[in-house]
Amino acid sequence: MNQTLRAIDTRWWAPARLRYPGAALCVVLALAGSFLANHYGAPALVLVLLLGFGFASQATDTRLQPGVAFCSRQVLRIGIAFLGARIGVEQMLTVGSLPLLMVLACVPITIGSALLLGRWMGLPTLQSLVAGVAVAICGVSAAIAVAAVIPQGKLEDRRLLGVVVGVTALGTLSMLVLPPVFSSLGYNDTQTGLLLGASIHDVAQAAGAGYLVSDTAGDISTLTKLLRVALLAPMVLLLGALLNRNNSGKAEHPWFLLGFIALFAMNSLGWLPEDLRDALTTASKACLLVTMAALGMRTSLSSLIAQGWRPFALLAMLSTLLVLTAMTSMAVFSL
């Protein structure tokens, strides 16, 4: 009996004890960032990331390393699995054919251009891929989701954070700049909503930009943006299969993909009660906040700055290309 208890302690409690200090610090930083975001209206992910940067020197402590590493990888995957609860097929059915055609044109062009431009600029292929998906689909959530299916060690944390910081900044800038630009070009509220939803990175940013124009633009912008978000599920599955095809069936994340697929399917079929769906969505956001704290702690500002101007330039070019592609596709498919 005693041997059995000791075996259980070794298998379950010992790893938990080892991870507790680092994981607890990540949770505290996530809570602090959320508090600041609620009071000052800033993006919580960015604030948590900045707090993580402030504790980067503590992350080298051997007592904290196991927990920080756990939060940066396993907690990330839990959060992305729960993300399936807020994505469903119905998002693709609530909008007409024009937004669908626009999105189907913009997404592959943006991702393909990211790979080509990234190679031309000398950036790592996986960093360019993450940047392309982040711009094409839904910003930080897409970047983190794709990073979760990349085999461990293939993408440096500092390169992922470069994408996260850049796409957040550009999304905020787009939210402020694009509505007056589209209005000055003579687009009506419906057209403006379509373009904002097809070109702004984050859901909240796209919705906010639309409602700055009018209620009609806000509704259409939100629906078009949600259509882009709905593509995250098949994109993650496709990239997970492609990036892990040489692992001889020993990919690190089968539970992550299975959980994502299961929740996506249940949400699409209406099998998730609203309270449970809201709880899972909240848990997903919490996991992503904890992950951002861990990633911030594992990355020094000097290594992030050492990447130079090229990663941000890539994101800026892709964002501009996405806007132009959205405008062109709307003109073509409206004929």
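What you see is a predicted model, and the numbers here were worked out from it, not measured in a lab.

About the thresholds
Residues numbered from 1 in each chain as written. Predicted model: local features only at pLDDT ≥ 70, side-chain atom pairs only at ≥ 80, totals over all residues. Heavy atoms only, no water. Helix = DSSP H or I, 4+ residues; strand = E, 2+ residues; numbered from the N terminus. Buried < 20%, exposed > 50% of the residue type's maximum accessible area, 1.4 Å probe, protein only. 1 Å grid on protein atoms, 1.4 Å probe; cavity = no way out; pocket = protein on both sides within 12 Å on 5 of 7 lines; lining within 4 Å. Points joined across faces, edges and corners; volume = space filled by probe spheres on them. Nonpolar A, V, L, I, M, F, W, Y, C, P; charged D, E, K, R; others polar. Phe/Tyr/Trp six-rings, centres within 6.5 Å; stacked < 30°, edge-to-face > 60°. Axes fitted to C-alpha atoms, helices over the stretch in contact; angles between N-to-C directions. Left-handed = near helix turned anticlockwise from the far one by under 90°. Contact = heavy atoms within 4.5 Å. Salt bridge = Lys/Arg side-chain N within 4 Å of Asp/Glu carboxyl O.

Trainee: Explain the environment of Ala279 to me, please; I cannot follow it from the model alone.
Mentor: On the secondary structure map, Ala279 appears in helix H13 (residues 274-297). Residue classification places Ala279 among the partly exposed residues on the basis of a relative accessible area of 43%.

Trainee: What is the right way to read the layout of surface pockets from this model?
Mentor: To locate leftover empty space, one rolls a probe as large as a water molecule over the atoms. Roughly 290 Å³ of volume is contained in the second largest pocket. Lining the second largest pocket are 16 residues, with Ser72, Arg73, Gln152, Asp157 and Arg298 positioned closest to its centre. Listing elements by their share of the lining of the second largest pocket, those giving two or more residues are helix H3 (65-83) and helix H7 (157-184). Top contributing element to the lining of the second largest pocket by residue count: H3, with five residues. Its residues assigned to classes, the lining of the second largest pocket comprises eight nonpolar, four polar and four charged.

Trainee: Sorry if this is basic, but what is going on with the packing of aromatic side chains here?
Mentor: Two measures describe an aromatic ring pair: the distance that separates the ring centres and the angle between the ring planes. Inspection of every chain in the model, using the stated rule, returns one aromatic pair. Aromatic pair Phe182 and Tyr187: ring centres 6.0 Å apart, planes at 85°, arrangement edge-to-face.

Trainee: What's the story with the packing of H7 against helix H15 (residues 310-333) in this structure? I'm lost.
Mentor: To characterise two packed helices, one gives the angle between the axes of the helices and the distance between these axes. As a packed pair, H7 and H15 sit with axes 10 Å apart at the nearest point and diverge in direction by 35°. Pair H7 / H15 crosses with right-handed handedness. Of the residues in H15, those touching H7 at Gly162, Val163, Gly166, Val167, Leu170, Leu178 and Phe182 are Phe312, Leu315, Ala316, Ser319, Val323 and Met327. Across the contact of H7 with H15, the residue classes break down as 10 nonpolar, three polar and no charged.

Trainee: I'm lost on the pattern of salt bridges in this one. Help?
Mentor: Pairing is possible between side chains of opposite charge, provided their charged atoms come close. Considering all chains together, one arrives at one salt bridge under this definition. Note that Arg63 and Asp61 form a salt bridge whose closest N and O atoms lie 2.9 Å from each other. Looking at Arg63, the relative accessible area reads 61%, which means it is exposed.

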